[in-house]
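# Structural overview
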Amino acid sequence: MFGRVEVVGPVAAETAAVGVPMATESVPAGWPSPAADYFDGDVDLNEHLLVNRPASFIVRVAGDSMIGAGIFDGDELVVDRSLDPVDGDVVIAVVDNELTVKTLHLGESGPELRPENPAYPVIRPISDLRVWGVVTTCLHHLHH
């Protein structure tokens with residue numbers, strides 16, 4: 001109905017550092033440039049993607065209500081349950097006993113969960129709003 005998320009699971013508490021080479025220069029998204037092949041050592045993806053590992057979970061998106069935010073069906077989201085949500089955060093919230101991903105808006109008339117697709121309605125919780133966690137990263141796979 002509103003798009004759902006499936007909890008894949010918590011992030012492992014103890015994992016070995018995974019080094020991935022990090023380029024020293026940004027990659028242009030406009031015209032290509034003849035950039036040299038420079039790399040600046042490794043990046044640990046655990047440190048790069050996780051703010052608070054014990055409170056971090058991965059959820060998988062089902063639906064298209066957040067396509068305007070660049071979140072698509074099948075994407076995986078890193079969610080931190082220790083963060084306090086603020087206006088404009090993408091959050092995982094509990095609506096009708098199901099988890100959903102939406103943008104949190106804290107207005108004068110109360111909190112709203114806004115989809116990022118005009119085909120879906122804004123959700124205005126009748127009772128207390130339960131935010132399950134704050135989305136910190138979207139993992140959008142490009143290679144199939």
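Since this is a predicted model, take the numbers as computed values, not measurements.

### Considerations on the overall build of the protein
Helix and strand content of the protein: one helix and nine strands. In the protein, buried positions account for 32% of the 144 residues. Sequence-distant contacts in the protein: of pairs separated by 6 or more residues, those separated by 24 or more amount to 59%. Carbon and sulfur atoms form 54% of the exposed surface of the protein, whose accessible area is close to 9400 Å².

### Quick word on the layout of surface pockets
The volume enclosed by the largest pocket comes to roughly 250 Å³. Lining the largest pocket are 13 residues, and of these Val95, Asp96, Pro125, Ile126 and Ser127 lie nearest its centre. A per-class count over the lining of the largest pocket returns seven nonpolar, two polar and four charged.

### Brief notes about the packing of aromatic side chains
Tallying each qualifying case throughout the model produces one aromatic pair. Geometrically, the ring pair formed by phenylalanine 57 and tryptophan 132 is edge-to-face, given 5.3 Å between the ring centres and 65 degrees between the ring planes. In this pair, phenylalanine 57 sits in strand β4 (residues 56-62) while tryptophan 132 sits in strand β9 (residues 130-139), placing the two residues 75 residues apart along the sequence. A relative accessible area of 17% means that phenylalanine 57 is categorised as buried.

### Observations regarding the nonpolar core
Core analysis: the largest hydrophobic core is formed by 14 residues, its most contacted members being Leu77, Val79, Ile92, Val101, Trp132 and Val135. Of all the secondary structure elements, the ones that give two or more residues to this core are β4, β5 (76-80), β6 (90-95), β7 (98-107) and β9. Not counting residues up to four positions away in its chain, the partners in contact with leucine 77 are Phe57, Ile58, Val59, Val61, Ile71, Ile92, Val101, Val135, Thr137 and Cys138. Among the nonpolar cores identified, the runner-up in size contains seven residues, and Val91, Ala93, Leu113 and Val134 belong to it.

### Concerning the side chain of serine 65
Mapped onto the fold, serine 65 is located in the loop between β4 and β5. The class of serine 65 is buried, set by a relative accessible area of 3%. A polar atom in the side chain of serine 65 sits 3.0 Å from the side chain of lysine 102.

The rules behind each value
- Per-chain numbering applies: the sequence of each chain, read as written, is numbered from 1 onward.
- Given that this is a predicted model, residues contribute local features only at a pLDDT of at least 70 and side-chain atom pairs are listed and counted only at 80 or more, while totals for whole chains, interfaces and linings are drawn from all residues.
- Here the side-chain values reflect all heavy atoms present in the structure, with hydrogen atoms and water set aside.
- A run of DSSP states H or I qualifies as a helix once it reaches four residues; a run of E qualifies as a strand once it reaches two. Both are numbered from the N-terminal end.
- Burial classes follow relative accessibility: with a 1.4 Å probe on protein chains only, a residue under 20% of its type's maximum area counts as buried, one over 50% as exposed, and anything between as partly exposed.
- What makes two residues a contact is simply this: any of their non-hydrogen atoms within 4.5 Å.
- In these tables, accessible area is a Shrake-Rupley quantity obtained with a 1.4 Å probe, and a residue counts as shielded only by the protein chains included in the view.
- A 1.4 Å probe that fits but cannot get out identifies a cavity on a 1 Å grid over protein atoms alone, an open set with protein on both sides within 12 Å along at least five of seven lines counts as a pocket, and a residue lines either if it has an atom within 4 Å of a point.
- Grid points are joined across faces, edges and corners, and a volume is the space filled by probe spheres set on the points.
- Residue polarity is assigned by list, with Asp, Glu, Lys and Arg as charged and Ala, Val, Leu, Ile, Met, Phe, Trp, Tyr, Cys and Pro as nonpolar; anything else, Gly included, falls into the polar class.
- Each pair of aromatic rings taken from Phe, Tyr and Trp, with Trp reduced to its six-membered ring, is defined by centres within 6.5 Å and is described as stacked if the planes are under 30 degrees apart, edge-to-face if over 60, and tilted in the remaining cases.
- Only buried residues count toward a nonpolar core. Its members are Ala, Val, Leu, Ile, Met, Phe, Trp, Tyr and Cys residues joined through side-chain atoms within 4.5 Å.
- Here a polar contact means two N or O atoms within 3.5 Å. Within protein one must be a hydrogen donor candidate and the other an acceptor candidate, and residues neighboring in sequence count only if both atoms are side-chain atoms.

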